[in-house]
Amino acid sequence: MGKKSFFRQPNVSEIFDGKKRIDAERKGDLVALINSCMPSFAIYIDFPILPKHYNRAKHFLKYGNEAMASNLVYMPPRQAIAEALHYANPPFASFAVRSKVDNTTVTRTLLDTAMQGMKLYAYSVNNAPIDVKGPYRKPADIAEKGADFVVSVPSEEMKGDRHTVRFSNVPLYDNYQKKRMWTDIGAICDCDFSRWWITSRYAKEKLFCQHAVAAYFAIAFKAFKEGYATPSQSVPFPMFSEEAAEFWNKMRKHVVANKGKHKMPLNSAERSLLLGEYIKIHGVKEALYHGGKKAADFSW
Ligand SMILES: [Zn+2]
């Protein structure tokens, strides 16, 4: 099934079409080369981007290094995420946080998925609204355990139905629980993302798919409108800046890599790895900072 044009990955001939080809020479310069790529150029990479021992993209996304958040309860999520990314060992592909509620469950977000979710949210704001039902539970229970929501998110597929994401433990009040709860937010989506990407390297593991990322932004927006100020300050995954989103768009639209038998656009593992390097090179401030402009208004 094809993707809606807004989400479709251009193929190799579309990427090269009418553009001047630049051959990448060294892995160390890739981020700078891609970041400075002008609209009339396309970059060709003739060497492996993933580390040698991860010959398959799926293995790198599942078992590569993670940016793991610190266990300090009082650190606000935004700072915990920024520090985790700052101190992570490259190459890494995902952000992870261990629950401060049960001290066991680890929730992971692939960096490429965080970006895809932002793009999906931007699409929903401008085209097909995300429908948020909730918060369920009584205020006293919400203060203690967080709120539940049921969210309907548009699909990226041309003929696809919407996806339903069920959220639990969303912090809505500014209290002690909020400081722990963001590490334990649950999102169960009806797509098959988790089936592919769960690693079983943790006793209990949760994953955010791009629908859950988009849905969380819609919950935060609705809750803010209804007078709960905190969900937007409890975003449990990295939110990228406009500059980082531009870099990601260039990776999708201006880069082709030699994958042995075939030339291919970059895959999610390669994009996650390079987003991690982008964060290292440009710093978390530039990679994550939002200077007032909303993700819905970025040029996706
Ligand atoms: Zn999903």
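None of these values were measured; they are calculated from a predicted model.

Geometry of a packed helix pair, given as the angle between the helix axes and the separation of the axes. For the pair helix α5 (residues 111-126) and helix α9 (residues 210-225), the least separation of the axes is 7 Å and the interaxial angle reads 55 degrees. Looking at the two axes, α5 sits oblique to α9. Seen from above, α5 lies across α9 with right-handed handedness. Here Thr 113, Ala 114, Gln 116, Gly 117, Met 118, Leu 120 and Tyr 121 of α5 lie close against α9, whose contacting residues are Gln 210, His 211, Val 213, Ala 214, Phe 217, Ala 218 and Phe 221.

This part is about the pattern of salt bridges. Enumeration according to the criterion identifies 15 salt bridges in this entry. With its nearest N and O atoms 3.5 Å apart, the salt bridge here joins Glu 156 to Lys 3. Pair noted here: Glu 156 is in the loop between β7 (147-153) and β8 (163-170) and Lys 3 is in the segment before α1 (12-16), with a separation of 153 residues, a long-range link. Judged by relative accessible area, which is 5%, Glu 156 ranks as buried. The shortest N-O distance in the salt bridge between Lys 178 and Asp 174 comes to 3.1 Å. For Asp 174, a relative accessible area of 59% corresponds to the exposed category.

Here we come to the layout of surface pockets. A volume near 860 Å³ is recorded for the largest pocket. Around the largest pocket, the lining is made up of 26 residues, and of these Tyr 121, Phe 217, Ala 220, Phe 221 and Lys 294 lie nearest the centre. Mapped by element, the contributors of at least two residues to the lining of the largest pocket are α5 and α9. By residue number, the principal contributor to the lining of the largest pocket is α9, which donates seven residues. The residue inventory of the lining of the largest pocket, partitioned by class, reads 16 nonpolar, five polar and five charged. Considering only enclosed or pocket space, the second largest pocket measures out at about 610 Å³ in volume. What lines the second largest pocket is a set of 25 residues, among which Lys 3, Gln 116, Glu 156, Glu 157 and Gln 210 lie closest to the centre. Looking at the lining of the second largest pocket, the elements that each hand over two or more residues are α5, α8 (193-197), α9, α10 (242-253) and α11 (268-288). Looking at the lining of the second largest pocket, the element that brings in the most residues is α5, giving four residues.

What follows concerns the coordination of the zinc ion. As a benchmark, a tetrahedral metal site with four donors has ideal angles of 109.5 degrees, while an octahedral site with six donors has ideal angles of 90 or 180 degrees. Coordination of the zinc ion by the protein is provided by Cys 189 (SG), Cys 191 (SG), Cys 209 (SG) and His 211 (ND1), with metal-donor distances spanning 2.1 to 2.3 Å. Seen from the zinc ion, its four donor atoms lie at angles of 106 to 115 degrees, and the figure they make is tetrahedral. Motif for the zinc ion, donor spacing along one chain: C-x1-C-x17-C-x1-H. You'll find Cys 189 and Cys 191 in the same group, each marked buried.

Once that is clear, we can look at the packing of aromatic side chains. Enumeration over the complete set of coordinates arrives at 14 aromatic pairs. Both rings, one in Tyr 121 and one in Phe 217, keep their centres 5.5 Å apart while their planes meet at 45 degrees; by these two values the pair is tilted. Highlighted residues: Tyr 121 in helix α5 and Phe 217 in helix α9, separated in sequence by 96 residues. By relative accessible area, which is 15% here, Tyr 121 ends up buried. Taking the centre distance of 5.6 Å and the plane angle of 85 degrees together, the rings of Phe 217 and Phe 237 count as edge-to-face. With Phe 217 in helix α9 and Phe 237 in the loop between α9 and α10, this residue pair connects regions lying 20 residues apart in the sequence.

What counts, and at which threshold
- Residues numbered from 1 in each chain as written.
- Predicted model: local features only at pLDDT ≥ 70, side-chain atom pairs only at ≥ 80, totals over all residues.
- Heavy atoms only, no water.
- Axes fitted to C-alpha atoms, helices over the stretch in contact; angles between N-to-C directions.
- Helix = DSSP H or I, 4+ residues; strand = E, 2+ residues; numbered from the N terminus.
- Parallel < 35°, antiparallel > 145°, perpendicular 65-115°, else oblique.
- Left-handed = near helix turned anticlockwise from the far one by under 90°.
- Contact = heavy atoms within 4.5 Å.
- Salt bridge = Lys/Arg side-chain N within 4 Å of Asp/Glu carboxyl O.
- Buried < 20%, exposed > 50% of the residue type's maximum accessible area, 1.4 Å probe, protein only.
- 1 Å grid on protein atoms, 1.4 Å probe; cavity = no way out; pocket = protein on both sides within 12 Å on 5 of 7 lines; lining within 4 Å.
- Points joined across faces, edges and corners; volume = space filled by probe spheres on them.
- Nonpolar A, V, L, I, M, F, W, Y, C, P; charged D, E, K, R; others polar.
- Donors = N, O, S within 2.8 Å, 3.2 Å for Na, K, Ca; no water.
- Tetrahedral: all angles 85-135°; square planar, octahedral: opposite > 155°, others 65-115°.
- Phe/Tyr/Trp six-rings, centres within 6.5 Å; stacked < 30°, edge-to-face > 60°.

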